[in-house]
Amino acid sequence: MQENLVIVESPAKAKTIEKFLGKDFIVKSSFGHIRDLAKKDLGINIGEGYKPVYEIPGDKKKVVDELTKLAKSKTVWLASDEDREGEAIAWHLTEVLGLPVDRTKRIVFHEITKRAILEAIEKPRTVNMDLVNAQQARRILDRLVGFELSPVLWKKVRPALSAGRVQSVAVRLIVEREREIIAFRSAAYFRVVAQFYAAGDPEKTLFKAELSSRFETEAQAETFLQSCIGATFTVAKAEEKPAQRYPAPPFTTSTLQQEAGRKLGMSVSQTMSVAQHLYEQGLITYMRTDSVNLSQQALAQCKEEITKLYGEKYSRWFNYKTKTKGAQEAHEAIRPSYIERQEIEGTPAEKKLYDLIWKRTVASQMVCAELDRTTITIDMSGSSNQFVAQGEVVRFDGFLRLYSESTDDDQAAESGEGLLPKLTAGDRVLPSQITATERFTSAPARYNEASLVKRLEELGIGRPSTYAPTITTIINRGYVVKQNRDGQKRNYAQLTLTGEKIASKTLSENYGKEKNRLSPTDIGMVVNDYLEEQFGPIIDYNFTASVEKEFDRIAEGDITWDKMIDEFYGPFHKMVDSAITTQTAKTREVRILGNDPKTGHIVKARIGRYGPMVEIEGNEGEKGRFASLKKGQLIESITLEEALELFALPRDLGQLDGEELMVGIGKYGPYVRYGKSFASLAKTDDPYTIGYDRAVEIVRAHQAAAAAANTPLKSFPEDADMLVKNGRYGPYIAYKGKNYRLPKGAKPEELTLDDCLKIVAGSKK
DNA sequence: CAGTGAGCGAGCTTCCGCTTGACTT
């Protein structure tokens, strides 16, 4: 019979720790928070000093019952995480389990190693109420903001919307980036690159050098190329500087999300779900962390592994310090549980993510890469312009042997050059070719999920456990869409000087192609503008940082939580009152796009009953024509041309089997209609351009699928009511008007009537 | 379910952070 009960937050952690502690200890998990503010209403008694009303959510009752039972006969050790939230969990446990706060043992450790845990057991403390109060203040403030702002939006904009300290800033970032893009005007310029070789080099080995100035027009570029004819080129300066490159620190939640996005193309929530699997199998440490710290044990294992793989000179013992604003460091960095395990079994995604974590962790303990950076500056006769060649040579690879971090900046790759010839000042070089290429300044990039997380983290907004859910929320509320955009074609000019001849040609390229980028919707923009206007201080980028400072003061015991909340709530509630009594948000604002060239009537855009739309006004007393905007189009930025295109639907494609074939966009996306049946277009089909043949193909496939869906996978002569069908979520059982899912691993074709009846009976609770 | 472009109005929606499964026809 165990004498001791240790309570941690995560069940996987409980299992590990139980092994370390021996049979006098039973280790259980609270599964995170066990109590929260009442779900209904505000859950805060404002008149009674903001007294919180706590309740145990339905799905936590079972855990709490079990813990309560176990706690009765044992010494309880509260081992929730060492941060504000963890301290609050410990306190809620004392309250709910009826334990004395001043005598219950509270222990903490930030690495899950036997030594760390045994040490923690040696020196228990008690619950730190100042820290708990800081958490209560955080919780109450978030509830006040969320539950007072959201109803204002229901009233002034549209029902079921939401606002909050974190999500509203996330939306704001995306809206402001979009406005930068809308306001951006691309400018063309000419960039000149020469291919030189050293005079007297029999091999004529070419190297590239770029002109330090750029030209605004093609004429200027051409004049410059003319001036190159017959000019002499002399090395003015050749510098070689040693440089070092450092490995990146081990992964936190945010950096893991970024790298998995860039290198593996995984979404933020995919990354978290795969990481969760790895964690549950004991393969990696906890995946929701803001710490870059590695345990002594992990450091030692890295050293051993690096020495084994590459030799001791590649190893460097280095522990990183977390710089992130508001980091709470309750855990280690995300690393393999056992560094010596270089590969794992699992799904392809699990293997790839594990490999990424393994490499990043081990590389963080490797020595710097040693580089030589060479810069050669070249003068030309008759001109003050200079060409500059830059080269980088890796003298010693160090950590690069294993891992190199990706960047968000696609253009960085363009500039990296290799080896340059050995040259000294005064050396002559000869141009083999000089080209002037038209380039264009580009608008700032839209955020993707990971770069948004990165930005939020920099601002200290949100926590590792909320990054993925925050993105889901702003998408679900319809504030933001994640989508791909096709690139557009554009032409650019290129002038090439070879010998004494300048050739000119026009080339074309694609630009602006985007994958999984976030952009605001019209509603997102309206809500953002409204919040900015009425609640500016709350969605200020520094709001979280400034309240965090207050929470820290509460944690230090300098101020009381209720006073802090009171000082916040007074002015905040005034803003709410004034917002409710003043004008509504600008949901009905109309933007005039121009005139329809066919009728001369005004074309305008606004938010209608069914979302954003464009309208061509009708004649006096007549209705106009309406069309919905496409996903990703905005009232603020749609052009007349784009608007007119939207009226091309529905399109008549001709006849099939004596029925009309029409293509349109309905509530459920693009469709082709034949007679009374509808078939959805594939994602890759464009309703504006789809042809007759492809439409027929879709109709035929739809007819075949409909026929297949009506044929059951399996039926039984003994019982006509029992059918195994194929549905959206795979095979299922249909029996007397109800559907039942198959147990995991069941093969539909092998099921007997008896099996099916058992499944039906078993699913009834 | 498959084109629409007001205004009678019940009752509902909502926050952030901790943690995992359960479950969708």
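Preceding this paragraph is the structure being described.
Described in the following lines is the structure provided in the data block.

Conventions we followed
- Residues numbered from 1 in each chain as written.
- Chains lettered and ligands numbered in written order.
- Predicted model: local features only at pLDDT ≥ 70, side-chain atom pairs only at ≥ 80, totals over all residues.
- Heavy atoms only, no water.
- Phe/Tyr/Trp six-rings, centres within 6.5 Å; stacked < 30°, edge-to-face > 60°.
- Helix = DSSP H or I, 4+ residues; strand = E, 2+ residues; numbered from the N terminus.
- Axes fitted to C-alpha atoms, helices over the stretch in contact; angles between N-to-C directions.
- Parallel < 35°, antiparallel > 145°, perpendicular 65-115°, else oblique.
- Left-handed = near helix turned anticlockwise from the far one by under 90°.
- Contact = heavy atoms within 4.5 Å.
- Pairing = 2+ DSSP bridges.

Points about the packing of aromatic side chains
- Evaluation of the coordinates by the stated rule reveals 17 aromatic pairs.
- Geometrically, the ring pair formed by F25 and W77 is tilted, given 6.2 Å between the ring centres and 55° between the ring planes. Of this pair, F25 sits in strand β2 (residues 25–29) while W77 is found in strand β7 (residues 75–78), placing the two residues 52 residues apart along the sequence.
- Their ring planes at 45° and their centres at 6.0 Å tell us that F543 and F568 sit as a pair that is tilted.

Things to note about the packing of helix α6 (residues 167–183) against helix α13 (residues 449–458)
- Two elements in contact, α6 and α13, have axes separated by 11 Å at closest approach and are oriented at 120°. Judged on the interaxial angle alone, α13 and α6 are oblique. Viewed along their axes, α6 and α13 form a crossing whose handedness is right-handed. On α13, the residues touching A170, L173 and I174 of α6 are L452, R455 and L456.

Some words on the sheet that holds strand β25 (residues 669–674)
- One open sheet holds the 4 strands; their spatial order is β23-β24-β25-β26, and the pairing between them is antiparallel. Where the open sheet ends on each side, the last strands, each with one partner, are β23 (651–656) and β26 (677–680). Mean inter-strand twist for the sheet, computed between neighbouring axes without regard to direction, equals 30°.
- Where strand β24 (residues 659–666) and β25 come together, 6 bridges link them in antiparallel fashion. When the bridges of β25 are listed, G664 appears paired with Y671.

Comments concerning the pairing of β7
- Here 4 bridges tie strand β1 (residues 4–8) to β7, and the two strands are oriented parallel to one another. If you follow N4 over to β7, its bridge partner there is T75.
- Across 2 bridges, β7 lies against strand β8 (residues 105–106) in parallel orientation. Residue W77 lies in a different strand from β8, and its bridge partner there is K105.

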